[in-house]
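Report on the structure
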Amino acid sequence: MSSANADAGSTTARLRLERGWSRQRLAHEFHRLASQRGERLPSANSVIKQIYRVESGRTHTPEQPYVDLWCEVFGVGADVLFGSAASAVDPPADETGPYEVVSHKFIPVHLGGQRAAALAARVDATPAAGQWWAGCRILPVETAAGRSADLYVWPWGVALAHLREELELETLTDLALWRRSSYPASRAWTDEQVRGITGDQEISSPYCFSGYWLKSAKWEGERLDRAVRLLSMPSQLLQRVDRTDDAAALLAGGRQVEQVMMRDGVERADLVAFGASGVSVAYASWSSVAYHPLVAESALPESELVACELLVQGIWCYTREILHQVEAGIDPVVPVPYGWRFLRAVRSRLTVATPEETGQAHSMRVAVLETSKIVPQLDAALTALRDSEAGG
C-alpha cells in the first residue's frame, strides 16, 4: 500500500468517525445525495465495499460520482480527501468502440387448447424440430426489417413469439435503455399477430423474457465477466422509476452506474453462472440469460440456448395460467391430454439429465431452471390438477 493511498484512507475514515457514522450510514448519505441529483448508485453493499476500499487504502482515488459525493458530504475539496482534484476514470483504451450482441425475446400468450389445436392444424404450420418439441408447430409471421420472428404453438394451449435482433452498441447502458423501450412495442406486436390469427381481441401477452448472445466483445478478463453478468440483468443499470423524461440524463446516469459496477464488481443473489472455463462466459438471472462463446467450436450453439428457453417459457406460461385459475378459487380446466400426468412427464424432461446431454448443456439447463423458478411453480400446478381430479 502506498503512503498516498494510506493518507487518503485515513482522511476519509477520520472525517466519517468524527461524525460518529458507520460505513453503512455514510453509504445511506451517498444514496440520498445521489437521488437528489437524479443519479443512481449500486446496492448499499456495493457502496459500503467502495467506502472500505478507500478507507483501507486499497483505492486512492475513486471514480465519479463517488468523488463528488465524498466532497459534498464532508464539505471539503477533492485535494484534501484524495490529494488531487479527482475525476472519473475512463474505461481502458482497448474498450472503446462497439460490441455486437444478438437479442432473443420470448413472448408467450395463453390461447387455450382449442385455439392452439386450430392453429396447429393450419396448412402453413410446420413441425418444430428437436427432442423438446413434441406436438409443437411453427407459424410464419411478418416482422420489420432487421429482425426475424417465429410463432411457436404448443398443443397444451400456449403460443410463443421468438424475436431475434442483432445489435451493435457502445455501452451496456445502451442495451438496457433499448430493452426497456422496446419491450412494450414487442409485446404489442405479438398481441397484434396472435389476435389477427385467432380473431380474439382480448388475448394479451403477460410478459417478455430476454436472452443475449454476445457475438463480439470488447472486454477481456475480469471486465468481460462483469459485462456478461450485466447482460443477464441489464435493468440494474437503470432507475426503477424514471425521474426524468430526458433520455440523455437517463443514459448518463446509467453509464455512471455501469462504470462503477464494471470496476467494483456485479453481484446479485439470483445470479447463476453456467459458463465453461476457457470456453464460454455465461450467466442466468430472473431478468435474462446471457452467453458469450470464447471458443466457438467448443461452446454451446446459440440454437441450444434458444431451444431451452422456448420450452421453459412455454411451460412457465401454461403452469402460471393453471395457478391463476386456482387463485381465482376455481378448479383448473386444462386440455385432457395435458393434465397432471403430462406435467409430471415435463418435470422429468426438464430436471433429469440424459446420457446424451453434454456437461455444458446440463449446466445451462440447471441455471435456467433455478433462476426461472419454474420447478416449484410446475409442482404447484401439478398438485392442483391432481387434487382437482381426485376431488372430481
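It should be emphasised that the depicted structure is a prediction, and the values quoted were computed from it without experimental measurement.

**Here we look at the overall build of the protein**
Across its full length, the protein carries 13 helices and nine strands. Here the C-alpha coordinates of the protein stretch approximately 75 × 45 × 45 Å along the principal axes. The buried share among the 392 residues of the protein stands at 51%. Nonlocal contacts in the protein, meaning residues at least 24 apart in sequence, comprise 70% of its contacts between residues at least 6 apart. Accessible area of the protein: about 18,000 Å², with a carbon and sulfur share of 51%. When the 39 positive and 48 negative side-chain charges of the protein are each reduced to one mean point, those points stand 5 Å apart.

**Focus: the packing of aromatic side chains**
Evaluation of the coordinates by the stated rule reveals 15 aromatic pairs. A centroid spacing of 5.4 Å and a plane angle of 75 degrees characterise the contact between Tyr 207 and Trp 316, whose relative ring orientation is edge-to-face. You can see Tyr 207 sitting in the loop between helix H7 (172-198) and strand E6 (209-216) and its partner Trp 316 sitting in helix H10 (residues 302-327), a full 109 residues away along the chain. Taken together, a centroid distance of 4.8 Å and an interplanar angle of 90 degrees make the contact between Tyr 338 and Phe 342 edge-to-face.

**Some words on the sheet that holds strand E5 (residues 158-169)**
Read across the sheet, nine strands follow the order E2-E3-E4-E5-E1-E6-E9-E8-E7 without closing on themselves; strand pairing throughout is mixed. On the outer flanks of this sheet lie strand E2 (126-127) and strand E7 (272-273), each paired with one strand and no other. Summarising the sheet, strand E3 (residues 137-139) and strand E4 (residues 147-154) pair through three bridges and their orientation is antiparallel. From the neighbouring strand, Ile 138 faces E4, where its bridge partner is Tyr 152. The strands touched by H10 within the sheet are strand E1 (99-110), E4, E5, E6 and strand E9 (288-293), with E1 carrying the most contacts at an inclination of about 30 degrees.

**Thoughts on the confidence of the model for the protein**
When pLDDT is averaged along the protein, the result is 87; 91% of the residues meet or exceed 70. The secondary structure element of the protein with the lowest average pLDDT is helix H1 (residues 3-18), at 72, and the one with the highest is E9, at 98. In this model, residues 84-89 is a region of pLDDT below 50 whose contacts with residues beyond four sequence positions or in other chains number 15 contacts.

**Observations concerning H10**
The end-to-end C-alpha separation of H10 is 37 Å, in line with the 38 Å expected for 26 residues at 1.5 Å each. A large share of H10 lies buried, amounting to 20 of its 26 residues. Of the residues one or two after H10, Gly 329 is the one with positive phi, at around 85 degrees.

**Here we look at unusual backbone geometry**
For Lys 373, which is not glycine, the phi torsion reads 60 degrees and is therefore positive. Judged by its relative accessible area of 44%, Lys 373 falls in the partly exposed class.

**With respect to the pairing of E1**
Along E1, 10 of the 12 residues are buried, which leaves the element largely enclosed by surrounding structure. Direction of pairing for E1 relative to E6: antiparallel, over a ladder of seven bridges. Looking at E6, one finds that Phe 106 is bridged to Phe 209.

**Examining helix H4 (residues 66-74)**
With respect to burial, H4 is a largely interior element, seven of its nine residues being buried. Three or more residues of H4 are buried, namely Tyr 66, Val 67, Leu 69, Trp 70, Cys 71, Val 73 and Phe 74.

**Regarding the side chain of Arg 229**
Within the secondary structure, Arg 229 sits in helix H8 (residues 221-231). You can call Arg 229 buried: its relative accessible area is 16%. In this structure, Arg 229 is in contact with Val 266, Glu 267, Leu 271 and Tyr 283, ignoring residues within four places of it in sequence.

**A closer look at the state of the cysteines**
One pass over the structure, following the stated rule, counts zero disulfides. Cysteine Cys 317 shares no disulfide, and the gap to the nearest cysteine sulfur, in Cys 208, comes to 13 Å. Judged by its relative accessible area of 5%, Cys 317 is buried.

**As for the pattern of salt bridges**
Counted according to the given criterion, the structure contains 20 salt bridges. As a salt-bridge pair, Asp 124 and Arg 122 come within 2.7 Å of each other at their nearest N and O atoms. Given the relative accessible area of 32%, Arg 122 is considered partly exposed. The partner of Asp 225 in a salt bridge is Arg 229, with the nearest N and O atoms 2.9 Å apart. In this pair, Asp 225 and Arg 229 are both assigned in helix H8, four residues apart and thus about one turn of the helix distant. For Asp 225, a relative accessible area of 24% gives the class partly exposed. Three or more residues joined by partner-sharing salt bridges are found here, namely Arg 164, Glu 166, Lys 215 and Glu 302.

Thresholds, definitions, all that
- Residues numbered from 1 in each chain as written.
- Predicted model: local features only at pLDDT ≥ 70, side-chain atom pairs only at ≥ 80, totals over all residues.
- Heavy atoms only, no water.
- Helix = DSSP H or I, 4+ residues; strand = E, 2+ residues; numbered from the N terminus.
- Buried < 20%, exposed > 50% of the residue type's maximum accessible area, 1.4 Å probe, protein only.
- Contact = heavy atoms within 4.5 Å.
- Areas by Shrake-Rupley, 256 points an atom, 1.4 Å probe, with all protein chains shown as cover.
- Lys, Arg positive; Asp, Glu negative; His and termini not counted.
- Charge placed at Lys NZ, Arg CZ, Asp CG, Glu CD.
- Phe/Tyr/Trp six-rings, centres within 6.5 Å; stacked < 30°, edge-to-face > 60°.
- Pairing = 2+ DSSP bridges.
- Axes fitted to C-alpha atoms, helices over the stretch in contact; angles between N-to-C directions.
- pLDDT = per-residue confidence, 0-100.
- Expected span 1.5 Å × (residues − 1).
- Disulfide = S-S within 2.5 Å.
- Salt bridge = Lys/Arg side-chain N within 4 Å of Asp/Glu carboxyl O.

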